[in-house]
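Coordinate analysis (summary)
One-letter residues, chain by chain:
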Amino acid sequence: PLTLEEVRMLVQLFYLPYHHGALAQELLEHFQWLRANSLSVGVPATAPDACRGAWWRGRARSFHLLCAQTCRLHSRFVSAASRALLYDLHPYLWDIRNVLLAASAFVLWLGCQSITAPMVLGRDAEPWARRGGLFGELQALLPVGNSCDLFYHPPPLFPSSQLYLLRPLLPLDKVGAMACRGCSEVPLGQAGLQAQLSHAPALAARLLGPFLSLSPEYTFVLEDEGGPCGYAAGVLHAEGFLQQRDSSWLPAIRHKYPPDLGAGGPALGQDALEEAVLFFHAEPLAVPQPVLQRFPSLVQLGTAPRVLDVGASRSLALCLLSALRANGSRGVFCQVSDADRQQLNFYSKLG
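Residues numbered from 1 in each chain as written. Predicted model: local features only at pLDDT ≥ 70, side-chain atom pairs only at ≥ 80, totals over all residues. Heavy atoms only, no water.

**What about the environment of G351?**
Structurally, the position occupied by G351 is in the segment after α12 (341-350). Taking the C-alpha atoms as reference points, G351 and Y152, 199 residues apart in sequence, are found 9.4 Å from one another. (Helix = DSSP H or I, 4+ residues; strand = E, 2+ residues; numbered from the N terminus.)

**Concerning the pattern of salt bridges**
Enumeration over the complete set of coordinates arrives at seven salt bridges. The residue R76 makes a salt bridge to E6 at a minimum N-O spacing of 2.8 Å. With R76 in helix α3 (residues 50-80) and E6 in helix α1 (residues 4-13), the pair connects residues that are 70 residues apart, well separated along the chain. What makes R76 partly exposed here is its relative accessible area of 29%. Under the relative-accessibility criterion, E6 is labelled buried at 14%. The partner of D224 in a salt bridge is R306, with the nearest N and O atoms 2.8 Å apart. Residue D224 is found in strand β2 (residues 219-224), and its partner R306 is found in the loop between β4 (297-303) and α11 (310-326); the two are separated by 82 residues along the sequence. (Salt bridge = Lys/Arg side-chain N within 4 Å of Asp/Glu carboxyl O. Buried < 20%, exposed > 50% of the residue type's maximum accessible area, 1.4 Å probe, protein only.)

**Remarks on the sheet that holds β4**
Ordered by their spatial adjacency, five strands build an open sheet running β1-β2-β3-β4-β5, and the pairing between neighbours is mixed. Of all the strands in the sheet, just β1 (165-168) and β5 (332-333) have a single pairing partner and so form its edges. Examined bridge by bridge, strand β3 (residues 227-235) and β4 share six bridges and lie antiparallel to one another. Along β4, the bridge assignment pairs A232 with L301. Along the sheet, helix α8 (residues 238-256) makes contact with β3, β4 and β5, crossing β4 at roughly 75°. (Pairing = 2+ DSSP bridges. Contact = heavy atoms within 4.5 Å. Axes fitted to C-alpha atoms, helices over the stretch in contact; angles between N-to-C directions.)

Here it is as structure tokens:
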């Protein structure tokens, strides 16, 4: 059964409509302060603001701990609560879990950046655009808080106790790249990336190679108890990224994977390797200029087949879009083949 401390945490998350419990109030205060003072992060250790940067990181650790405790509470609640209580309260606790996954990853991302311009936030939304309570206040603090469609989605019919971790790709980090068809462990660390990719499956390079080479600062990783299970990658200025991809990254990857390589890849399977090599040597479709002018940023997301909780996928989208919005993006687009039913279904479920 749930412990007394867990029940106390649950009550504090949903205390009164206009009065938060201690846990909810602490989450909000940490997030507000961390967002408002993020410019102090990334300063040199010898600078006068070094102490302020250490203070920021200390509060960030406290915030991550509270988020992790709340996510564990969701998992424990699904496992331990009676069925009647579970189906009454799970939608609310599931919402909190999802928005905290995104908020925690966003704070981690702020700690990896040195944003030199004020954070760009959305205009004030109409009162009915946000829900009340802790969820609504956390939503308002995310840079994409006014994009209401991202926050309104029905909970799963069958609640899952699966724990998830969402975080940015970090330097010297090794994560699993999730291929659209199948899953293979691939080193994706920024250090030595080109050398690592030369030994990685070609399909993984097809999925994330240009993002990791040219825009690693907007890459996020979703993990469950089985390891990496999803990713979100983005580019702030897509026009320059696409030009650099076509002029430098594609020629290098074509040299690395020549057209006749398909006969030598039994590990991936003949069909998968040939498909990836053909993709590298095909001319990429041009993005119309009106699209680039209206939606200047590019995004790409994916999860492993075992991720059945759409809330985790939405959290991936939220943290990526929040990072892009914080640095000034005013719109995003993604490129999907009309024959790729899996990706089309994935993006459709995101709304």
